[in-house]
Amino acid sequence: MVGYVCKYTPVEIIEAFGEKPVRIESGCKSYERAEALLHTNTCSFVKGVLENIIENNIEEVILTSCCDSIKRLYDVLKERLKFIYILDLPRKKDTFAVDVFYKEIIKFIDAYKAFKNKGFAIENFLKILEDKSSFRKMQEPSESIAILGARLKDDVVEKIKNSCSVNIINFTCTGEDRIFNIESEDNLLKGYAASLLNLTPCMRMAEDRSKFFNKDFKGIIYNTIKFCDYYSYEYAEMKSQFNIPFLKIETDYTDSNSGQILTRIAAFFEATDIKKMEQKKAKKGYFAGIDSGSTSTNVVIIDENKNIISYSIIPTGPKALESAFKAFEIALNNAGIKEKDITSIVATGYGRVSIPFADKMVTEITCHGKGAFFIDNRVRTVIDIGGQDSKVIRLDESGNVIDFVMNDKCSAGTGRFLEVMSRTLGISINEMAKVHAEVKENITITSMCTVFAESEVISLIAQNKDQRDIIHALNKSVASKAVSLVDRIGRKGKYMMTGGVAKNQGVVSAIESKLGEKLVIPAEPQIIGALGAALIAFEGTNG
């Protein structure tokens with residue numbers, strides 16, 4: 001088994017030696033072993049690759065000189081593996097570059113022959129190329145979604161393909177079919193080197209990549225690696241060039257944010273109307289929406305005239321399914337109806353996948369947009385701050401979600417942030433929500449991070465600062481985070497704030513101050529997602 005990471009790797013050469021090439025994945029649960037060998041600031045992709053090499057006891061690895069992090073990985077591995085080789089990969093694909101890469105491949109063959117103590121059969125290599133050349137790409141459907149940027153984990157790509165009705169074209173470094181049509185058999189290896197360099201260029205190659213993607217895509221999903229400026233620059237440049245829906249996601253290749261990534265992708269498909277869904281006509285009766293959030297589980301039941309006949313809000317607790325059953329039962333009792341009277345149920349929120357009695361699952365982004373527009377059809381921007389995340393949703397004149405942004409996986413600027421601070425201050429979250437006036441000193445919390453902000457609060461308490469001034473500073477901090485999300489998609493009123501934090505008058509006032517506009521606050525801001533889910537259940541579609 002020979003591990004590799006780059007699509008320019010001469011995989012067919014490895015196969016011609018009779019060895020099995022294995023693409024090394026980068027997904028992992030933690031970087032515990034990798035960070036014992038690499039600096040913690042090293043690219044998360046490389047740390048993930050190192051974790052998988054260790055985990056799977058891969059003893060032979062071939063790399064390419066993609067970037068400085070890969071070169072550092074080579075330095076770490078060269079004294080630890082039985083065989084490690086790094087190919088000098090050109091950045092261009094002109095005649096000179098082909099000659100350089102051809103010589104690199106020759107050097108690799110010689111090195112591997114010496115290591116394995118066996119020859120390289122050119123006829124085996126030719127047979128492998130001929131077999132791969134016999135495959136032809138299927139004709140692409142007219143509607144396609146492109147995946148660009150950094151490599152996505154295979155399970156995420158598979159879920160993307162299974163959750164939409166259009167073709168998915170994966171332009172990341174792992175998504176392209178390896179099909180070779182080499183005419184110059186008099187120098188097969190040189191033709192092979194040219195074919196490799198003719199693959200769709202990755203971001204490190206010195207070519208304008210945008211010309212390869214100038215297609216009528218339905219949308220583009222662009223994956224960036226956390227703290228990698230190169231991908232962020234290309235994303236910003238492409239977004240300015242392509243007048244089509246873009247979804248930017250960011251990963252560090254651990255499992256910790258996979259749920260949030262899938263939520264963003266699902267919401268993107270819902271917004272671009274390409275999600276697989278069963279169209280069915282609405283029926284008479286009652287319709288329920290269940291919002292299973294990290295802090296609370298909320299249920300709304302509406303009748304066939306879209307009147308809210310009951311709702312319930314209970315803490316989610318450690319078991320999301322039990323909370324969903326309990327909240328549903330309370331809402332049914334409040335409405336005076338039985339479960340058999342409910343025609344359709346739609347689940348939303350982080351725990352939506354854990355509700356087996358729901359007929360459909362829809363992301364909270366679509367549901368909050370639907371519910372907010374139903375309450376007030378003048379609303380164009382929804383600011384939802386929940387217990388675990390915050391999001392800003394842009395609506396068009398018909399109430400459709402046309403753009404959205406979410407916070408990163410940290411809890412900065414969320415309800416959890418305020419809960420931690422209320423415990424630090426020794427008061428309840430309800431008491432804290434009442435404090436929004438009578439400020440004596442305008443204090444500023446400089447850190448967005450919950451952990452560092454808590455340290456600042458402890459320091460302010462030690463300085464005997466007035467508790468109301470500290471709370472005011474915390475409210476400003478949450479407001480700054482929310483308004484920074486608004487600015488990422490552009491300001492456009494009217495604004496509605498939803499989620500439990502909308503009950504905090506101090507945060508509401510701070511956001512209004514920064515936006516220079518009053519917010520629409522629903523009578524019960526925690527049920528807007530569940531209301532949107534109930535409306536979708538009524539309509540029989542997520543449209």
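One structure accompanies this document, and this report is about it. From a predicted model like this one, the values you see are computed outputs, not experimental measurements.

Quick word on the packing of aromatic side chains
Inspection of every chain in the model, using the stated rule, returns 18 aromatic pairs. An angle of 50 degrees between the planes, with centres 6.0 Å apart, marks the rings of Phe-120 and Phe-125 as tilted. For the pair Phe-120 and Phe-125, one class covers both residues: buried. The interplanar angle of 90 degrees and the centroid separation of 4.9 Å between the aromatic rings of Phe-125 and Tyr-192 together place this pair among those described as edge-to-face. Here Phe-125 is found in helix α5 (residues 122-133), whereas its partner Tyr-192 is found in helix α7 (residues 188-197), with 67 residues between them in sequence. Note on Tyr-192: relative accessible area 0%, which makes it buried.

Regarding the sheet that holds strand β2 (residues 21-23)
Strand order in this open sheet of 4 strands is β2-β1-β3-β4, and the pairing throughout is parallel. With one partner strand each, in any of the chains shown, β2 and β4 (83-87) form the two edges of the open sheet. Ignoring strand direction, the axes of neighbouring strands in this sheet form an average angle of 25 degrees. Looking at chain direction, strand β3 (residues 60-64) and β4 are connected through 5 bridges and run parallel.

So, the nonpolar core
The nonpolar side chains of a soluble globular protein tend to be buried, and buried together. Among the nonpolar cores identified, the biggest contains 75 residues, and Ile-13, Phe-108, Phe-125 and Tyr-192 are the most heavily contacted of them. In contact with Phe-108, other than residues within four places in its own chain, are Pro-10, Ile-13, Ile-14, Ile-62, Phe-83, Tyr-85 and Leu-87. Core analysis: the second largest hydrophobic core is formed by 37 residues, Ile-383, Ile-385, Tyr-495 and Ile-511 among them.

Considerations on helix α3 (residues 68-77)
Listing the buried residues of α3 in full gives Ser-69, Ile-70, Leu-73, Val-76 and Leu-77. The arc that holds the buried residues of α3, viewed along the axis, is 110 degrees, so those residues lie on one side. Those residues of α3 that are buried are in contact with α2 (44-55), β3 and β4.

So, the pairing of strand β11 (residues 308-315)
Bridge analysis of strand β10 (residues 296-302) against β11 gives 7 bridges, and the strand direction is antiparallel. Note on β11: the bridge partner recorded for Val-299 is Ser-312. Turn length for the β10-β11 hairpin, with the two strands adjacent in sequence and antiparallel, is 5 residues, and the turn residue Lys-306 shows positive phi of about 65 degrees.

A few points about the pairing of strand β17 (residues 495-498)
Taking every second residue as pointing to the same face, both faces of β17 are buried, with Tyr-495 and Met-497 on one and Met-496 and Thr-498 on the other. The sheet contact formed by strand β14 (residues 381-385) and β17 spans 4 bridges and is parallel. Across the sheet, Ile-383 pairs through a bridge with Met-497, a residue of β17. Crossover handedness for the path β17 to helix α16 (residues 505-515) to strand β18 (residues 519-520): right-handed.

Thresholds, definitions, all that
- Residues numbered from 1 in each chain as written.
- Predicted model: local features only at pLDDT ≥ 70, side-chain atom pairs only at ≥ 80, totals over all residues.
- Heavy atoms only, no water.
- Phe/Tyr/Trp six-rings, centres within 6.5 Å; stacked < 30°, edge-to-face > 60°.
- Buried < 20%, exposed > 50% of the residue type's maximum accessible area, 1.4 Å probe, protein only.
- Helix = DSSP H or I, 4+ residues; strand = E, 2+ residues; numbered from the N terminus.
- Pairing = 2+ DSSP bridges.
- Axes fitted to C-alpha atoms, helices over the stretch in contact; angles between N-to-C directions.
- Core = buried A, V, L, I, M, F, W, Y, C linked by side-chain atoms within 4.5 Å.
- Contact = heavy atoms within 4.5 Å.
- Arc of directions from axis to C-beta.
- Right-handed = clockwise from strand over helix to strand, strands pointing away.

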